[in-house]
Amino acid sequence: MKKLFLFLCTAGIMSATQAQVQAPQPSPFTKIEQKVGLTDVSLEYSRPGMRDREIFGNLVPYGKVWRTGANENTKITFSDNVTIQGEELKAGTYAIYTIPKEDQWEVMFYSDANNWGNPAEWDKDKVALKAMAEVVELPFEMETFTIMIDDLKNDSATLNFVWANTVASLSFKVPTEEKTMASIEKTMNGPGANDYFAAATYYHDSNKDLEQAYKWINKSLELGNPDAFWILRKKSLIAADLGKKEEAIAAAKKSLAEAEKAGNQDYVKMNKDSLKEWGAM
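Presented here is a report on the structure given in the accompanying data block. Note that the coordinates shown come from a computational prediction; the quantities given were computed from them, not determined experimentally. (Residues numbered from 1 in each chain as written. Predicted model: local features only at pLDDT ≥ 70, side-chain atom pairs only at ≥ 80, totals over all residues. Heavy atoms only, no water.)

Some details on the overall build of the protein
In plain terms, the rule: Helix and strand labels come from DSSP, where a helix needs a run of H or I of at least four residues and a strand needs a run of E of at least two; each type is numbered from the N terminus. Restricting the calculation to C-alpha atoms gives the radius of gyration, and the globule rule supplies 2.2 Å times the number of residues raised to the power 0.38. Each residue is assigned to one of three classes by its accessible area relative to the maximum for its type, calculated with a 1.4 Å probe on protein chains only: buried under 20%, partly exposed between the two thresholds, exposed over 50%. Note on areas: these come from Shrake-Rupley sampling with a 1.4 Å probe, and a residue is covered only by the protein chains present in the view. By the counting scheme adopted, Arg and Lys are positive, Glu and Asp are negative, and His together with the chain ends is not counted. Think of each charge as sitting on NZ of Lys, CZ of Arg, CG of Asp or CD of Glu.
Check the secondary structure of the protein and you find seven helices and nine strands. Whereas a compact globule of 281 residues would reach a radius of gyration of roughly 19 Å, the protein reaches 28 Å, over 25% beyond that. For the protein, the spread of C-alpha atoms along the principal axes amounts to about 90 × 65 × 40 Å. Looking at the protein as a whole, 40% of its 281 residues qualify as buried. Surface summary for the protein: the accessible area is close to 16200 Å², and the carbon and sulfur share equals 49%. With 33 positive and 40 negative side-chain charges, the protein shows a separation of 5 Å between the mean positions of the two kinds.

Structural notes on the nonpolar core
Operational definition: Side-chain atoms within 4.5 Å are what join buried Ala, Val, Leu, Ile, Met, Phe, Trp, Tyr and Cys residues into a set we call a nonpolar core. Any two residues whose heavy atoms approach within 4.5 Å at even a single point are treated as in contact.
The biggest cluster of nonpolar side chains holds 34 residues, and the ones touching the most others in it are Ile76, Ile84, Phe109, Leu159, Phe161 and Phe172. Secondary structure elements with two or more residues in this core: strand 2 (39-46), strand 3 (75-78), strand 4 (82-84), strand 6 (92-100), strand 7 (104-110), strand 8 (127-150) and strand 9 (156-173). Counting residues per element, this core draws most heavily on strand 9, at eight residues. Beyond its immediate chain neighbours, meaning those up to four positions away, isoleucine 84 contacts Leu89, Phe109, Leu129, Ala131, Leu170, Ser171 and Phe172.

A closer look at the pairing of strand 6
The side chains of a regular strand alternate, residue by residue, between the two faces of the sheet. The condition is simple: When DSSP finds two or more bridges between two strands, those strands count as paired.
In terms of burial, strand 6 is a largely internal element, seven of the nine residues being buried. Where strand 6 lies against strand 7, six bridges are found, and the strand directions are antiparallel. Looking at strand 7, one finds that proline 100 is bridged to tryptophan 105. What sits between the antiparallel neighbours strand 6 and strand 7 is a turn of three residues.

Description of the layout of surface pockets
Left-over empty space is what a probe sized like a water molecule reveals as it rolls over the atoms. What counts is decided by this rule: Grid spacing is 1 Å over the protein atoms alone, the probe is 1.4 Å, and a cavity is where that probe fits but cannot get out, while a pocket is an open set with protein on both sides within 12 Å along at least five of seven lines and lining residues have an atom within 4 Å of a point. Grid points are joined across faces, edges and corners, and a volume is the space filled by probe spheres set on the points. In this classification, Asp, Glu, Lys and Arg are treated as charged, Ala, Val, Leu, Ile, Met, Phe, Trp, Tyr, Cys and Pro as nonpolar, and every other residue, Gly included, as polar.
If you add up the space inside the largest pocket, you get close to 240 Å³. Forming the boundary of the largest pocket are 15 residues, of which Phe56, Tyr62, Ala164, Asn165 and Thr166 lie nearest the centre. Listing elements by their share of the lining of the largest pocket, those giving two or more residues are strand 8 and strand 9. Among the elements that take part in the lining of the largest pocket, strand 8 stands out by supplying four residues, more than any other. Partitioning the lining of the largest pocket into residue classes produces seven nonpolar, two polar and six charged.

What to know about the environment of aspartate 80
Stated precisely, the cut-off is as follows: In protein, a polar contact means a hydrogen-donor-capable atom and an acceptor-capable atom, both N or O and within 3.5 Å, with residues adjacent in sequence counting only if both atoms are side-chain atoms; elsewhere, any N or O pair within 3.5 Å suffices.
Examined against the element boundaries, aspartate 80 turns out to sit in the loop between strand 3 and strand 4. Accessibility expressed as a relative area gives 14% for aspartate 80, which makes it buried. Sequence spacing of aspartate 80 and threonine 39 is 41 residues, and the spatial spacing of their C-alpha atoms is 6.0 Å. Once residues lying within four places of it in the same chain are set aside, the contact partners of aspartate 80 are Leu38, Thr39, Leu89, Ala91, Pro175 and Lys179. A polar contact is formed between the side chain of aspartate 80 and the side chain of threonine 39, at a distance of 2.7 Å.

So this is what it looks like as structure tokens:
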């Protein structure tokens, strides 16, 4: 009985030491992932709140290095080399440190992303890139510190650091053109219908060689489904931009008919709008 009592006591002590209280963090962690063009960008950071405090110039002093969030490093990861204000930043993971000022922020991408807050010793050789972010005063207050990847385009996006009534914005460029062209050149050695469609779409939407886009869209219809309303729709737009109005109208009418059969009201509307614009309805 004594041995059983000791065993139960020991087991209770172990359970007590292993148990952990779970409670919400005052600065919750978040992670976001965003595709910019063909480049993967991810952000990991903790989000402090205002909680009736004066933020910039007080809680976050002007002119001093700020961890740009709370707790562990705010981290950003790029899957490709990116360009910021004319300088190249290699693919990888970086801690983001900032020096806020009233009219602009200095943003630093630090190669050591394993610190808790600011490094114990700042190493300038670990600053992979510095850039200046523009500051705008907001007409409202953002209670919780927020970083957004915004203003998304095929080849660029903007990092917006938002808190209190301040937003600091820093744009970056991604190598979409180089990656897409390399993919097209590689794929065109043995392409299928979908490859021709994707290449034609990119050339058209990027205002590149429309004659080449026209050849590829016709090849897509030839190798694939000649009644595919989404491909016919793209052909109509390419033909219209080339001044081939009759072909554009013919392709749009066929796309409209096939879209109606498929019950795709988005393409029905788009084709009707184009046909009206081209004086065919």
